[in-house]
Amino acid sequence: MNDAPIITANHLSWWYTPQTDEGEPVKALNELDFSILPGSFTGIIGPTGAGKSTLCMALTGIIPNPDDGTMRGTMTVAGRNTAECGIAELSSDVGYVQQDPESQLFCASVEDELAFPMESRGVDPGRMDERIDGLLHLVGMDGYRRRVPTSLSGGQMQRVAIAAALACHPRILVLDEPTAALDPEGTREVFQALDTIRATRELTIVMAQQDTDGLARYADHIMLLDSGSITAFGDTTLFTTHRDKLIELGVALPGREPGPPAIVTDAAMRTGERQPAISFEHVTYRYPEGGNGSAALDDVNLAIDRGAFVGLIGRNGSGKTTLARHLNGMLQPSAGTVTVDGLHVGGRRVGEMASHVGYAFQNPDHQIFCSTTREEIAFGPLCLGVSREEISRRVGRLLSRFGLEDIAGQSPATLGYGQRRLVAFASVLAMHTPILVLDEPTAGLDRRLSGMILDAASQRCRQGTTVVMISHDMRTVRERCTYLIELEDGHVRAAGRIEPQKNGQLEHVQPELGLPEPCEYGEGH
């Protein structure tokens, strides 16, 4: 390993430009001094809003941009001062995987996404096919060359983004929450793939990550950020020496990822005497274009009682998001019947289902659009005809609950990732729908913000709301869910009720395939 650093920060600070005339610049990085050696793997950890994504952008040359803010100090990457070279020039040495993979995929097919950076760098066309196949194999995406990227699951898009970033053999790879949308096995495959590359050639990796398990095993160094400052920087013993500080900040400690609770593999589905909140009868769905010929959902039969907290699990591409998007009419079944809250969803528009199903996307930017945070939270109930007095009460309670009072007048689009997630979730809660769908509610968030969202969802469940949560976080599934559905290749692999154990962990499913009893309605529902 070369003794000369490949990355050096010297008194690096960054202020974001205020979003209003009256606003103050927001300091995101504070006097950072560090160096990173070639071929090393550095993990960046810290609470949501600590400055991890900002630092990643500084490493790739996105920062400094004078229109976005002000920089003090210097950042040198691969021998270049980032303030004196363009992003395109720096990209010859730096590959970048953003927190939201959808924002960096733009081609008509997966193979085009991987070919584009190679064409830009003048790679011999005769070598591209072999390299594309090798990259897809490396990230576990064999057979997906001709898929349209937008037809992929979030985890699959993330793998394509990683492959594209590696396409031109960069010297440095910067990854911002690269496994947030991946299932546990996919996460292990990504870390193993990066380890394989490092064994064959010198690759410097900088990875910002909330999930610390992989960093504890594979990283050489760990940088702890808090409020834009480096609180600690050392080897992986930092997880032990700074354990109390990490807990205080809400950073997850590394530990063995639990598997899902054992579930009953019985094809029969039963409900109680009451009409279920959700039912699927012989539902099949095929995407109209960009598919690979197989059904995204294949003859799915389900029935979920009211008041359940459902964990919807399965590998990336198993059909979880496809199933969830049938609940509010975003997708219509190719065959079969979906019934939600007593309504046949077939033929109904999303707007018609809005009073029945609240859907919180993993990417908050898919649902926030109003000019202020207060207006964003109020928009849903306003469309449902709720009185302005009641809307004001709901918005006030939610602003207070999620600590958003100080930014009520700011545009939600200008907030940090964690705050955008809270605003988007609060806007869904404000509608008081009997069914609530959460798509990866803990992905990319620290324990504190994850807990705020999950506590609110659990409270609504106790009040009678049916909660369907897509999640790869088995700790959260065990702690929160009363019922489990596991999908595999568009089929229901297993489903059943989870029984809580004396230690508070959810360990197994009731032997017969029952559904959870409806929760008691509480005050304020």
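What this report covers is the structure whose coordinates are included nearby. (Residues numbered from 1 in each chain as written. Predicted model: local features only at pLDDT ≥ 70, side-chain atom pairs only at ≥ 80, totals over all residues. Heavy atoms only, no water.)

### A closer look at the overall build of the protein chain
Worth spelling out the cut-off: The secondary structure listing takes helices from DSSP runs of H or I that are at least 4 residues long and strands from runs of E that are at least 2 residues long, numbered from the N terminus. Type-normalised accessible area, obtained with a 1.4 Å probe on protein chains alone, sets the label of each residue: buried when under 20%, exposed when over 50%, and partly exposed for intermediate values. Contact criterion: two residues are considered in contact whenever any of their non-hydrogen atoms come within 4.5 Å of each other. Under the convention used here, a 1.4 Å probe and the Shrake-Rupley method define accessible areas, while residue burial counts only the protein chains that appear.
What the protein chain contains, in helices and strands, is 16 helices and 21 strands. The buried share of the protein chain, taken over its 525 residues, is 55%. In the protein chain, once contacts between residues fewer than 6 apart in sequence are set aside, the share between residues at least 24 apart is 70%. Total accessible area on the protein chain is roughly 22,500 Å²; 47% of this is exposed by carbon and sulfur atoms.

### Description of the pattern of salt bridges
Heads up, the condition is: What counts as a salt bridge is simple: a side-chain nitrogen of Lys or Arg found within 4 Å of a carboxyl oxygen of Asp or Glu.
On inspection of all chains with the given rule, the structure shows 21 salt bridges. Between Asp93 and Arg80 there is a salt bridge, with the nearest N and O atoms lying 2.5 Å from each other. Of this pair, Asp93 sits in the loop between helix H2 (87-90) and strand E6 (94-97) while Arg80 sits in strand E5 (residues 80-81); the two residues are 13 residues apart in sequence, bridging distant segments of the chain. You can call Asp93 buried: its relative accessible area is 11%. Between Glu486 and Arg493 there is a salt bridge; the shortest N-O distance is 3.1 Å. Residue Arg493 is classed as partly exposed on the basis of its relative accessible area of 42%.

### A look at the pairing of E6
Our working definition: We treat two strands as partners when DSSP finds at least two bridges between them.
Burial along E6 is two-sided: Val94 and Tyr96 and Gly95 and Val97, pointing in opposite directions, are all buried. Taken together, the four bridges between E6 and strand E7 (residues 172-176) define a ladder with parallel strand orientation. Bridging across to E7, Tyr96 finds its partner in Val174.

### Side note on the sheet that holds strand E14 (residues 335-340)
Taken in spatial order, the four strands line up as E12-E11-E14-E15 in an open sheet, and their pairing is antiparallel. For this open sheet the edge positions go to strand E12 (297-304) and strand E15 (343-344), each flanked by a neighbour on one side alone. Two elements, strand E11 (residues 278-285) and E12, share five bridges in a ladder whose sense is antiparallel. Paired with Val283 across the strands is Val300, a residue of E12.

### A look at the sheet that holds strand E9 (residues 221-226)
Within a sheet, neighbouring strands are paired by backbone hydrogen bonds and run either parallel or antiparallel to one another. Just so we agree on the cut-off: To obtain an axis, a line is fitted to C-alpha atoms, over the contacting stretch when the element is a helix, and the angle between two such axes runs from 0 to 180 degrees between their N-to-C directions.
Taken in spatial order, the six strands of this open sheet run E6-E7-E8-E3-E9-E10, and their pairing is mixed. Looking at which strands have only one partner, the edges of the open sheet turn out to be E6 and strand E10 (229-234). Direction aside, neighbouring strands of the sheet carry axes that sit 15° apart on average. As defined by bridge partners, strand E3 (residues 41-45) adjoins E9 across four bridges and the pair is classed as parallel. When the bridges of E9 are listed, Ile44 appears paired with Met223. In the packing of helix H1 (residues 52-60) onto the sheet, contacts are made with E3, E6, E7, strand E8 (204-208) and E9, and the angle to E7 comes to roughly 155°. Contacts between helix H6 (residues 184-200) and the sheet are confined to E3, E7 and E8, with E8 contributing the most and set at about 160° to the helix.

### Examining the packing of helix H3 (residues 110-120) against helix H4 (residues 125-138)
Rules: Working definition: roughly parallel below 35 degrees, roughly antiparallel above 145 degrees, roughly perpendicular at 65 to 115 degrees, and oblique for all remaining angles. For any helix crossing, the convention is left-handed if the near helix is rotated counterclockwise from the far helix by under a right angle, and right-handed if that rotation is clockwise.
Running from amino to carboxyl end, H3 crosses H4 at an angle of 120°, the nearest separation of the two axes being 10 Å. Of the possible angle classes, the one that applies to H3 and H4 is oblique. As for the relative orientation of H3 and H4, their crossing is right-handed in sense. The residues of H4 that touch H3, namely those facing Val110, Glu111, Leu114, Ala115, Met118 and Glu119, are Met128, Arg131, Ile132, Leu135 and Leu136.

### Structural notes on the side chain of Gln158
If you trace the backbone, Gln158 turns up in helix H5 (residues 154-166). Setting aside residues no more than four positions away along its own chain, Gln158 makes contact with Val97, Gln98, Gln99, Pro101, Glu177, Pro178 and Leu182.

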